[in-house]
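Examining the three-dimensional arrangement
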Amino acid sequence: EMRESDWSSDVCSSDLFPSHDKFDGEQVPPIPQQIPQEIPQPYQTPKLGPNIFDNPIVALYNGKVKLLANMVIRASEVKLTARERRSGRYTRPVLEENRQGNYWIINQRNMIYLVPKFNMRITSRNYDAISVFFECIKYDPNSRKSFKLINPAIVFLKGSKWELFQRGELEF
């Protein structure tokens, strides 16, 4: 009858798992495995926990928003993509510069981020429009609670406009 300890020492000393190179006794380094990078899909929200990028924009937005306000471009969704989406067609949302816009665009470190303008109240009237750009975690239409930015949305420049690449996250 074979005991577990016999089995493990047997297997470990066998030639099935050679740990040393037979020629010079030096350890052979393992071949590094190529890990394929996942390509983010549009509208996908990062699911790796809060603020995975430790994005300084998040800290500024939730804390020292006045500093951020000087770096932003104010924008709103173009009427065309909003209308197409309401009629049920899949259209990637496009934003354009608009001084009265509900969104702020921030260029930083080769990335272009999108956040709701500061002090914006999310109500049942504007929820559908906002939720195109942001996943609204714990949103309750009956509550007047304001939100905290967890992750900004990511947009990319297309001509003189911006197109949504990845939704952000707001928590209520």
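Since we're looking at a predicted model, the values are computed, not measured. (Residues numbered from 1 in each chain as written. Predicted model: local features only at pLDDT ≥ 70, side-chain atom pairs only at ≥ 80, totals over all residues. Heavy atoms only, no water.)

A look at the packing of aromatic side chains
- Per the stated rule, a full pass over the model turns up seven aromatic pairs.
- Residues Tyr127 and Tyr139 carry aromatic rings whose centres are separated by 4.5 Å and whose planes lie at 10° to one another, so their mutual orientation is stacked. With Tyr127 in helix α5 (residues 127-133) and Tyr139 in the loop between β5 (134-137) and β6 (148-151), the pair connects residues that are 12 residues apart, well separated along the chain.
- On the basis of relative accessibility, which here comes to 25%, the residue Tyr127 falls in the partly exposed class.
- Ring geometry for Tyr139 against Phe172: centres 5.2 Å apart, planes inclined by 70°, an arrangement best described as edge-to-face. Separated by 33 residues along the polypeptide, Tyr139 in the loop between β5 and β6 and Phe172 in the segment after β9 (168-171) bring together distant segments of the chain. Per residue, the accessibility class of Tyr139 equals that of Phe172, and both read buried.
- By way of ring pairs, the aromatic residues Tyr127, Tyr139, Phe147 and Phe172 are connected into one cluster. (Phe/Tyr/Trp six-rings, centres within 6.5 Å; stacked < 30°, edge-to-face > 60°. Helix = DSSP H or I, 4+ residues; strand = E, 2+ residues; numbered from the N terminus. Buried < 20%, exposed > 50% of the residue type's maximum accessible area, 1.4 Å probe, protein only.)

What to know about the confidence of the model for the protein chain
- Summary statistics for the protein chain give a mean pLDDT of 79 and a share of 69% for residues scoring 70 or more.
- Per-element averaging of pLDDT across the protein chain places helix α1 (residues 4-13) at the bottom with 48 and strand β2 (residues 94-97) at the top with 98.
- For the stretch residues 17-23, pLDDT sits under 50, and the model shows eight contacts to residues farther than four places along the chain or on other chains. (pLDDT = per-residue confidence, 0-100. Contact = heavy atoms within 4.5 Å.)

Things to note about the sheet that holds β5
- Spatially, β5-β9-β6 is the arrangement adopted by the three strands of the open sheet, whose pairing is mixed. This sheet does not close on itself; its edge strands, each paired only once, are β5 and β6. Averaged over all pairs of adjacent strands, the angle between strand axes in this sheet comes to 30°, irrespective of strand direction.
- The sheet contact formed by β6 and β9 spans three bridges and is antiparallel. (Pairing = 2+ DSSP bridges. Axes fitted to C-alpha atoms, helices over the stretch in contact; angles between N-to-C directions.)

Regarding the side chain of Asn126
- Structurally, Asn126 is set in the loop between β4 (111-116) and α5.
- Overall, Asn126 belongs to the buried group, its relative accessible area being 19%.
- Within the structure, the side chain of Asn126 is placed 2.7 Å from the backbone nitrogen of Thr123, a separation counted as a polar contact.
- Apart from the residues within four sequence positions on either side, Asn126 is in contact with Met120 and Arg121. (Polar contact = N/O pair within 3.5 Å; in protein donor to acceptor, adjacent residues only side chain to side chain.)

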